[in-house]
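Chain by chain, the residues run as shown.
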Amino acid sequence: MRSSLRRTRWATALAATTVLALGACSDDGDGAESTDDPIVVGISLPLTGDFSEPGKGVQEGYEAWAKITNDKGGLLGRQIELKILDDQSNADRVVADYEQLIGSDKVDLVVGPFSTRLVVPSARVAEEYGMLFVEPAGAAKEVFEQGFKNLFYAAPAVANDHYNHLAEYLIAMPADQRPKTVAYAAMDDPFAQGTAYGLKAKLEAAGFKTVVDEVYPPNTTDFGSIAAKIAASKADMLVGGSQYQDGVNLIVALQQLSYQPKLAAFSGAPTNPEFAKAIGDKTEGVLSPTGYTPGAPYESNKEFVEKFKAQFGKEPEEDQANAYTTGQVVAAAVTAAGCAEQGDCQKKLVDWVHANKVETVVGPLTWDAAGKPQGAHMIQQWLGGSIKIVLPAPVKEADLLYPKPAW
Amino acid sequence: MPSAGLVFQSVILGLLLGGLYALLAAGLTLYFGIMRVVMIAHSAFLILAAYLAWWSHERLGTDPLLSMIVTVPLFFGAGVLLQRLLLSRLRPITLTMMSVLLTFAVALIIEGLLGYAFTGTQRRIQLSYGSASIGLFGARIAVVKLIAFGLAVVALGGLYLLMKKTTFGWALRATIQHGDAARLVGIDTGKVAGYGFGLGLATAAVGGTALSLDTTIYPSLHWHWIGPLMAIIVVGGLGSVPGAAAAAVLLGLMQSLLQIPMGTTWAQTIFYLALFATLAFRPQGFFGGRLAQRF
Amino acid sequence: MPSASRRVLTGLGLAALAAAVLSFPSLAPNPYILSAGIVVLNFAVLSTSWNFVGGFTGYISLGHGALAGLGGYGTALLITRAGLPSFVALAVATLLVAALAVPIGLAALRVRGASFVIVSIALVLILLLVFQSWAAVTGGSRGLVVPRPFPGLLRPEHHRVFYYLFAALLALALLAWWLIDRSRFGLGLKAIREDEDKAEAIGTPTLAYKLIVFVVSAGFTALAGGLYALWFGDLDPVFQFSILTGSYLVLMALLGGVRNLFGPFTGALIVGVALEYFKGRFGNTPLHLVWTGVLLGVVVMFMPDGILPALGGLWRRLRRAEQSSIREVTAAELREEREREEARQ
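Everything quoted here is computed from the prediction, not taken from an experiment. (Residues numbered from 1 in each chain as written. Chains lettered and ligands numbered in written order. Predicted model: local features only at pLDDT ≥ 70, side-chain atom pairs only at ≥ 80, totals over all residues.)

## Re the overall build of chain A
Step number 1: Along its length, chain A carries 12 helices and 14 strands.
Step number 2: On C-alpha atoms alone, chain A measures out to a radius of gyration of 24 Å, which is about the 22 Å that the 2.2 N^0.38 rule sets for 407 residues.
Step number 3: Projected onto its principal axes, the C-alpha positions of chain A cover 80 × 65 × 40 Å.
Step number 4: The buried share of chain A, reckoned over its 407 residues, is 60%.
Step number 5: Nonlocal contacts in chain A, meaning residues at least 24 apart in sequence, comprise 70% of its contacts between residues at least 6 apart. (Helix = DSSP H or I, 4+ residues; strand = E, 2+ residues; numbered from the N terminus. Rg over C-alpha atoms; globule rule 2.2 N^0.38 Å. Buried ≥ 20, exposed ≤ 12 C-beta atoms within 10 Å, placed from the backbone. Contact = placed C-beta atoms within 7 Å.)

Structure representation (structure tokens):
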């Protein structure tokens, strides 16, 4: 009994110390804001873990936005300071991060994290603290079904609408020419699956026959069996709801089985700069939807591409553009409302974004009451060694090639 | 409903996959046989070897298979050290449980260091023959998968010969079967156990290289290999190398065939269902292996 | 020391501990610190629940994360699908998981050591697959939203309420552990830990004992998981069914000391703070995994009995006068010591 008593004492001492240590860790940000103070923007990003690679693009986009804005004198005459925390690709952490940013670090603004899976939990924190929450990555339709009032997705379209132009094009084709059977393979991820299933719903309604409908977990590395199923179905058209590497793996596995579709569309992979090399330069005719191209004619885009190249030495891609767009939306709201701090100001910002159109690098954006953007994605196709816009007709750089050559 | 062609193709894919499973499970079986250790870090070493193969291809431009010249001896040495310096120092009475935690810690360290060195980006070796395949009665066999399977067969065959035909193999088998008796006839069981561990880890080097030829790798991938491999060694009968090999091929085949009606995710559950069924109805495993009853 | 004053001191110690835990919400300067406190308490409950199996029987389960996940999903599904009130759903889910623990326990506990660990790992992985694939019911990768039990509460108030709920649950789990520790049943379990064959030989119904304590452990784990789901509000199979969560629980219990009532709680405090520290210290590199691994390795290699016994030993050495009261050494420990000596030779 004696020893257990001592243990108790130790435990008590330890608990007390920890309580004090935890308490001491937090710095109480003083509420008084002078105009010289920077505007602190809090972000949680997956700097490590499974989403860390695509998360980097978002980080670059935010950094580019802060730099470009600051070089022009900042917002409301104040400099922008980014405070980025690592969520380790984990939902528990992402919530703790926003909790810390809002409650402990007292940031003035928050913007969204990366990956749809993390957007809903973090948006709830922002919502419950009454913060404006513009986000670059939560494209799945479920995000907009949670009743959030402060959330806005800063891109032209949600995942299910990415292929809208392609669906219209295929449905408009003469019945004897269009592909009759379609195979779908999608990663079990709300975003990737959303793109493929958005197209599937539209094509099925128009009488295209679904012959394969495969969903694979994000950790899948061996695509042999999925490819075997697709190859055996001899589908005319292949739709991949993919991110990057899974799309490449599936294509290589299909090449190994000598499967040749007349049309192949993948959501994430083909826009990646390493795509061509990864599938042995047999890219001709591969389709992909995109919400952004560096060549887009919008006013702010020229500045973005130019300065992004100067900062990072490469062209921005969709993730970078979406993060930059997020910054543009927040900046527009802050400028219009004339304030950037926690409290009543946030309500003004939210109301402004609901009521107005914002000019961004991906075009003019407006949102419905749930924060869903009201646009569609362009469709690109690999032609002669580079990727070109083929749909919709008014902005196309080339004609859509059908059927696609063998890979 | 599935065509005969698809079934045949799936059988081929399943057998090729099963071969790789067999090689990887062989290492785990060795550790368990030698000192009742469940080696969680085995698949982390597997991914490490795959990364080294990828890295040598990326940096030096050599064929990934050549990386084995370095990784196999390196892993053998690491295995010996792991056994001699860490595992043999654990208390015998809690060895099985504590070794799980210790090797778990090793797996975490490897994963963290891989992430630190190579980031979380998914990697894949781009080979000129990556998408090449040969035909067989209407089915296609990818060249890279065939090479991986060949590596597994050669390594397993080598292991078999080593165990059956050499003095070291004799001593190793004696240590596995009855450690005390082996000591009595003058075998230095401590040393033999260390080399046995090295041997097990060397199979991870071969397996990792085979793996790197045709799949994507990333630091946290090892978690997805642990489960199936653990299931295989239990179904095969803990401690029995041929049993594990038979279970590996059978389960690989079943996984591949079940994917046709059930899809990728559900098909993976076969490993765990087989594991639970084995423990419920035949705890000693379905393919011999008498150790399992008590462990 | 006479037993009366010992009891008074124990009482004072407990009161101080309770006061420290209960006053934390008013000391916490902002809701973030309060939510961090909830995370630590949740870990403490989970780890103490794990210790019913780990501490008493010596069976190490890496799968308790799965039981917590089941509790969370069970609670959420009973609210959203069956329309039960939140805390009724929590109770029903706990009972369901405890019932499910019977067949799981029967499969896992019939075999010893290695197979038990393997089954516990397999449990996490198979549940991950099922909850991912069975999207029609579980929401799959789209996640599952758990309705708030107190919809009117502001977020900081919500944290405060759940902090006290978790503290109450921790007290309950500690009480149960303490009662078993002092009971005949506990004695039987410890006999299993020391030597299962001998325990069986002297007539301990080993399988029944192990099963009962496994079910109790699963029940507490599910309760904690369900409460966490009610607090957190979002479930995703990838994060609910993770081996890493299970391993953290083991690390905490082992670090604090599995034979001590307050061992897992102490471990949860240390690991909870350490995880925060690693994250802050190593920011955007995965080195925090390396250091977690190193910490686990060091604990396993150098202080498998945990930090509380180690500190207790230090305390005794400092107070030389009491050297005669060194903790009794069990036969098993002596044998172990001897075997270790032999192994060195």
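## Things to note about the overall build of chain B
Step number 1: Along chain B, the regular secondary structure elements total 11 helices and two strands.
Step number 2: Relative to a compact globule of 295 residues, whose C-alpha radius of gyration would be 19 Å, chain B shows 19 Å and is just as compact.
Step number 3: Counting only C-alpha atoms and orienting by the principal axes, one finds that chain B spans roughly 60 × 50 × 35 Å.
Step number 4: Taking all 295 residues of chain B together, the buried fraction comes to 61%.

## Topic: unusual backbone geometry
Residues and elements named next belong to chain A.
Step number 1: The omega torsion of the bond from Leu391 to Pro392 falls at -5°, within 30 degrees of zero and hence cis.
Step number 2: Following the sequence through the fold, Pro392 ends up in the segment after strand S14 (386-391).
Step number 3: At the junction of Tyr402 and Pro403, the peptide bond is cis and its omega measures out at -10° in the coordinates.
Step number 4: Even without glycine at this site, Lys106 takes up a positive phi of about 50°.

## Digging into the interface of chain C and chain B
Step number 1: Contacts between the two partners involve 40 residues from chain C, matched on the other side by 47 residues from chain B.
Step number 2: Of all the secondary-structure elements, those providing two or more residues to the side of chain C that touches chain B are helix H5 (114-133), helix H12 (243-256), helix H14 (287-302) and helix H16 (331-344) of chain C.
Step number 3: In terms of residue count, H5 of chain C provides more of the side of chain C that touches chain B than any other element does, 12 residues in total.
Step number 4: Looking at the side of chain C that touches chain B residue by residue, the class counts come to 25 nonpolar, 10 polar and five charged. (Nonpolar A, V, L, I, M, F, W, Y, C, P; charged D, E, K, R; others polar.)

## Re the sheet that holds strand S1 (residues 39-45) of chain A
Residue and element names in this part refer to chain A.
Step number 1: Spatially, the five strands line up as an open sheet ordered S2-S1-S3-S4-S5, and their pairing is parallel. Looking at strand neighbours, the two that pair on one side only are strand S2 (80-86) and strand S5 (151-153), the edges of this open sheet. Between one strand axis and the next, the sheet turns by 25° as a mean value, whatever way the strands run.
Step number 2: As defined by bridge partners, strand S3 (residues 109-111) adjoins strand S4 (residues 133-135) across two bridges and the pair is classed as parallel. Note that in S4 the partner of Val110 across the bridge is Phe133.
Step number 3: Its contacts with the sheet put helix H2 (residues 52-71) on S1 and S2, and the angle it makes with S2 is roughly 165°. (Pairing = 2+ DSSP bridges. Axes fitted to C-alpha atoms, helices over the stretch in contact; angles between N-to-C directions.)

## Notes on the confidence of the model for chain B
Step number 1: In the predicted model, chain B carries a mean pLDDT of 85, and 97% of its residues have values of at least 70.
Step number 2: Predicted complex, confidence summary: ipTM 0.86, pTM 0.86. (pLDDT = per-residue confidence, 0-100.)

## Section: the environment of Ala49 of chain B
Step number 1: Topologically, Ala49 of chain B is positioned in helix H2 (residues 42-60).
Step number 2: The exposure class assigned to Ala49 of chain B is buried, which follows from the 30 C-beta atoms found within 10 Å.

## Observations concerning the pairing of strand S9 (residues 263-266) of chain A
All names here are of chain A.
Step number 1: Burial along S9 is two-sided: Leu263 and Ala265 and Ala264 and Phe266, pointing in opposite directions, are all buried.
Step number 2: With four bridges connecting them, strand S8 (residues 237-241) and S9 associate as parallel partners. Counted as the bridge partner of Met237 is Leu263 from S9.
Step number 3: Regarding topology, helix H8 (residues 245-256) serves as the crossover connection from S8 to the parallel S9, and that connection is right-handed. (Right-handed = clockwise from strand over helix to strand, strands pointing away.)

## What to know about the pairing of S8 of chain A
Residue and element names in this part refer to chain A.
Step number 1: Counting buried residues along S8, five of its five residues qualify, which places the element largely inside the surrounding structure.
Step number 2: Neither face of S8 is open: one carries Met237, Val239 and Gly241, the other Leu238 and Gly240, and all of them are buried.
Step number 3: Pairing analysis gives five bridges linking strand S6 (residues 181-187) to S8, with the strands arranged parallel. Bridged to Ala186 within S8 is Gly241.

## Describing the environment of Ala44 of chain C
Step number 1: Within the secondary structure, Ala44 of chain C is located in helix H2 (residues 31-57).
Step number 2: Beyond its immediate chain neighbours, meaning those up to four positions away, Ala44 of chain C contacts Leu170, Pro264, Phe265 and Ala268 of chain C.

## Section: the packing of helix H11 (residues 318-337) of chain A against helix H12 (residues 344-355) of chain A
Residue and element names in this part refer to chain A.
Step number 1: With their axes 9 Å apart at the nearest point, H11 and H12 run at an angle of 115° to one another. On the basis of the axis angle, H11 is roughly perpendicular to H12. With respect to the hand of their crossing, H11 and H12 are arranged in right-handed fashion. Where H11 abuts H12, its residues Val329, Ala333, Val334, Ala336 and Ala337 lie against Cys345, Lys348, Leu349, Trp352 and Val353.
Step number 2: When the residues that make up the contact of H11 with H12 are grouped by side-chain class, the tally is nine nonpolar, no polar and one charged. (Parallel < 35°, antiparallel > 145°, perpendicular 65-115°, else oblique. Left-handed = near helix turned anticlockwise from the far one by under 90°.)

## Examining the nonpolar core
Step number 1: With 361 residues, the main nonpolar core has Ala25 and Ile232 of chain B together with Ala122 of chain C as its most contacted residues.
Step number 2: If one sorts the elements of this core by residue count, helix H1 (residues 4-35) of chain B sits on top with 17 residues.
Step number 3: Excluding residues within four positions of it along the chain, Ala25 of chain B makes contact with Leu229, Ile232, Ile233, Gly236, Ala244 and Ala248 of chain B. (Core = buried A, V, L, I, M, F, W, Y, C linked by C-beta atoms within 7 Å.)

## What to know about H8 of chain A
All names here are of chain A.
Step number 1: The end-to-end C-alpha distance of H8, which contains 12 residues, comes to 16 Å, matching closely the 16 Å that a straight helix rising 1.5 Å per residue would cover.
Step number 2: Taking burial as the measure, the 12 residues of H8 include 12 buried ones, the bulk of the element.
Step number 3: For H8, the complete set of buried residues consists of Gln245, Asp246, Gly247, Val248, Asn249, Leu250, Ile251, Val252, Ala253, Leu254, Gln255 and Gln256. (Expected span 1.5 Å × (residues − 1).)

## Here we look at the confidence of the model for chain A
All names here are of chain A.
Step number 1: Scored by pLDDT, chain A has a mean of 85; 91% of the residues are at 70 or more.
Step number 2: The secondary-structure element of chain A with the lowest mean pLDDT is helix H1 (residues 2-25), recorded at 43, while S3 shows the highest, at 94.
Step number 3: For the stretch residues 1-33, pLDDT sits under 50, and the model shows 58 contacts to residues farther than four places along the chain or on other chains.

## As for helix H10 (residues 299-312) of chain A
Residue and element names in this part refer to chain A.
Step number 1: Here H10 is 14 residues long and its end C-alpha atoms lie 21 Å apart, about the 20 Å a rise of 1.5 Å per residue gives.
Step number 2: All of the buried residues in H10 are Asn301, Phe304 and Phe308. The arc that holds the buried residues of H10, viewed along the axis, is 60°, so those residues lie on one side. Residues of H10 that are exposed and point more than 90 degrees away from the buried face comprise Glu299, Glu303, Glu306 and Ala310.
Step number 3: Tucked inside the fold, the buried residues of H10 contact H2 and H11.
Step number 4: Just past H10, the residue Gly313 takes up positive phi, approximately 70°. (Arc of directions from axis to C-beta.)

## Observations concerning the environment of Lys106 of chain A
Step number 1: Turning to its location among the elements, Lys106 of chain A is positioned in the loop between helix H3 (91-104) and S3.
Step number 2: Considered as a pair, Lys106 of chain A and Glu341 of chain A are 235 residues apart in the sequence and their alpha carbons are 8.9 Å apart.

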